[in-house]
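Chain by chain, the residues run as shown.
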Amino acid sequence: MLSSAATATATSVSARSGDILCGFLRRKTVAPFRFAQHQQVYCNSLRPSFVAVRAMSESQTALKSQPQSSASSGKKQALISLSDKKDLATLGNGLQELGYTIVSTGGTASTLENAGVSVTKVETLTHFPEMLDGRVKTLHPNIHGGILARRDVEHHMEALNEHGIGTFDVVVVNLYPFYEKVTAPGGISFEDGIENIDIGGPAMIRAAAKNHKDVLIVVDSEDYQAVLEYLKGGQTDQQFRRKLAWKAFQHVAAYDSAVSEWLWKQTEGKEKFPPSFTVPLELKSSLRYGENPHQKAAFYVDKSLAEVNAGGIATAIQHHGKEMSYNNYLDADAAWNCVSEFEHPTCVVVKHTNPCGVASRDDILEAYRLAVKADPVSAFGGIVAFNVEVDEVLARELREFRSPTDGETRMFYEIVVAPKYTAKGLEVLKGKSKTLRILEAKKNDQGKLSLRQVGGGWLAQDSDDITPEDISFKSVSDKTPTESELADAKFAWLCVKHVKSNAIVIAKNNCMLGMGSGQPNRVESLRLAFKKAGEEAKGAALASDAFFPFAWKDAVEEACEKGIGAIAEPGGSIRDQDAIDCCNKYGVSLLFTNVRHFRH
């Protein structure tokens, strides 16, 4: 699109429009421009550009008297333009020692010169200074022609020689720190965000990556040494070049993803689900295998702006133990999400992503013992999570606690996860086992987008952040629950939210007594929960993740006959009245929450 910038320089217009402007200077004809607006804009906008075109023509004529370009002279050139200047001096000196002429921009050029590297400024090649507050630096045929020209295509090289354009053999670019700017504490204004969107950088990266057969593109300082070794050895390995090109396009794709995500959040509607979006993922580790040994696996961190400082297992610090496995991540995530829901000091024990023990107490040692006691068989080899700091006393309890089943077997765990550890607590816990994985995690922020893959697509939904304080537990039975029964019902309801459907949890005095999970019918889940709770179920509260489709001679009546004190369920069945009548017959309190908690 031709704009007011054309009055300052026809060259920058041509770079933005995608048409070659320098070609017509010798033919004395005006090449067509591309327009997104009406033809009248073409007529009104073109006239002022002739002065700039004439000036450019004179400068191009002057190029004839300049020394031959690197296109034919064999001079090696490297173009360097960096925002992150880490290890720049090492790279610059290394390239110079290999005989490369360094072409650079602004602050990058100054840094190189301060490191003793000779630098040719970009404006020496473009014959234009940086302009428009730095928006236009490298968008010029003398730059992009030297990057994009194919060395094995004769007319490409002839065109470069005709216009005095030199080739670039190496292009080293990274981008404006947009990601860091828009995620900085306190935020950033819309105008500042826009100015931190890099234009020239991605253009150079994409150009060099496209022409990677002839141009090495480098976007990561971690690759500097490998690139210098490659050049020093005069290697011709195309796989190395392709890998750098892949990394370059991935770098730009992730950058554009961040810009797109940020801009979507600036729109007036602020809808949760955009028409399309990209999730940038960064490899954190290769895993030994997936869910099973025959499946290959890896773990990626979500680099979306929404995940910056948003907590979760993905960004947890591992202080000790074996490397995390695929299943370890799933279980640790389930345990951490569950324990983070509770306000009071709480311990959660998880096995195969289901909480098999949950307890809240002012004394975290007691909470830990009760959580294990709920199902000690399942707890063995499980994951233990706390929502409070692990100190030396708690660490010793974790290290020495014996199984309630026999009082002798020392409990074994795969993972312990907590928000923090004292130095002594960490030291003691490390002594439990060389393999015990010790994680330090930050609580997940609310309002996250939850994604789940299905064949050929993804499901997206809000995270389930509802707590008992957000809803009403409406008594629909003749018997009104006591204060303790209501508290038990709320605790059970918060636990059942994290159990796989069909889910039933029985709880009393802020402690899970038993749970049933993952059964195709609710009656079987209920029976499993009562089997684990035993006699302690009498007078306790029961929570169901969904309504009971039947009551008489079914789950509701079975629960009442076993002495349950209160039942909390969403309601919504066409047979709700049967459930109410059944509870009235047995003198059980029935609470409707109007909130379902399916978990698949």
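Residues numbered from 1 in each chain as written. Predicted model: local features only at pLDDT ≥ 70, side-chain atom pairs only at ≥ 80, totals over all residues. Heavy atoms only, no water.

Under an unreviewed UniProt entry, the name given to the protein chain is MGS-like domain-containing protein, and the source organism is Eruca vesicaria subsp. sativa. Under the UniProt heading Sequence similarities (unreviewed entry), the note attached to the protein chain is "Belongs to the PurH family." (UniProt positions renumbered as here; feature names shortened; annotations may be inferred.)

Q: I'm lost on the sheet that holds strand 21 (residues 589-592) in this one. Help?
A: Paired through backbone hydrogen bonds, the strands of a sheet run either parallel or antiparallel to each other. Ordered by their spatial adjacency, six strands build an open sheet running 16-21-20-19-17-18, and the pairing between neighbours is mixed. Strands with a single pairing partner mark the edges of an open sheet, and in this sheet they are strand 16 (474-475) and strand 18 (512-516). Bridge analysis of strand 19 (residues 541-544) against strand 20 (residues 566-569) gives three bridges, and the strand direction is parallel. Residue pairing for strand 20: Ala543 is matched across the bridge by Ala568. Contacting strand 17 (504-507), strand 18, strand 19, strand 20 and strand 21, helix 21 (residues 483-496) crosses the sheet at an angle of about 35° to strand 19. Across the face of the sheet, helix 22 (residues 522-533) comes into contact with strand 17, strand 18 and strand 19 while running at roughly 150° to strand 18. (Pairing = 2+ DSSP bridges. Helix = DSSP H or I, 4+ residues; strand = E, 2+ residues; numbered from the N terminus. Contact = heavy atoms within 4.5 Å. Axes fitted to C-alpha atoms, helices over the stretch in contact; angles between N-to-C directions.)

Q: Even after reading the chapter, I still don't get helix 16 (residues 326-339), so can you show me in this structure?
A: For an α-helix, 3.6 residues make a turn, and residues three or four places apart therefore share a direction. Over its 14 residues, helix 16 runs 21 Å from end to end, which matches the ideal 20 Å to within 8%, given 1.5 Å per residue. If you check which residues of helix 16 are buried, you get Asn328, Tyr329, Asp331, Ala332, Ala334, Ala335, Trp336, Cys338 and Val339. (Expected span 1.5 Å × (residues − 1). Buried < 20%, exposed > 50% of the residue type's maximum accessible area, 1.4 Å probe, protein only.)

Q: Is there a simple way to explain the pattern of salt bridges in this structure?
A: Two side chains of opposite charge can pair, provided their charged atoms sit close to one another. Applying the stated criterion across every chain, the model contains 25 salt bridges. A salt bridge links Lys497 to Glu341; its shortest N-O distance comes to 2.4 Å. In this pair, Lys497 is assigned in the loop between helix 21 and strand 17 and Glu341 in the loop between helix 16 and strand 9 (346-351), connecting sequence segments 156 residues apart. A relative accessible area of 1% places Lys497 in the buried class. For Glu341, a relative accessible area of 17% translates into the label buried. For Glu485, the salt bridge identified is with Lys479, shortest N-O distance 2.9 Å. By relative accessible area, Lys479 is classed as partly exposed at 28%. Sharing partners across several salt bridges, the network here consists of Arg399, Glu400, Arg402 and Arg410. (Salt bridge = Lys/Arg side-chain N within 4 Å of Asp/Glu carboxyl O.)

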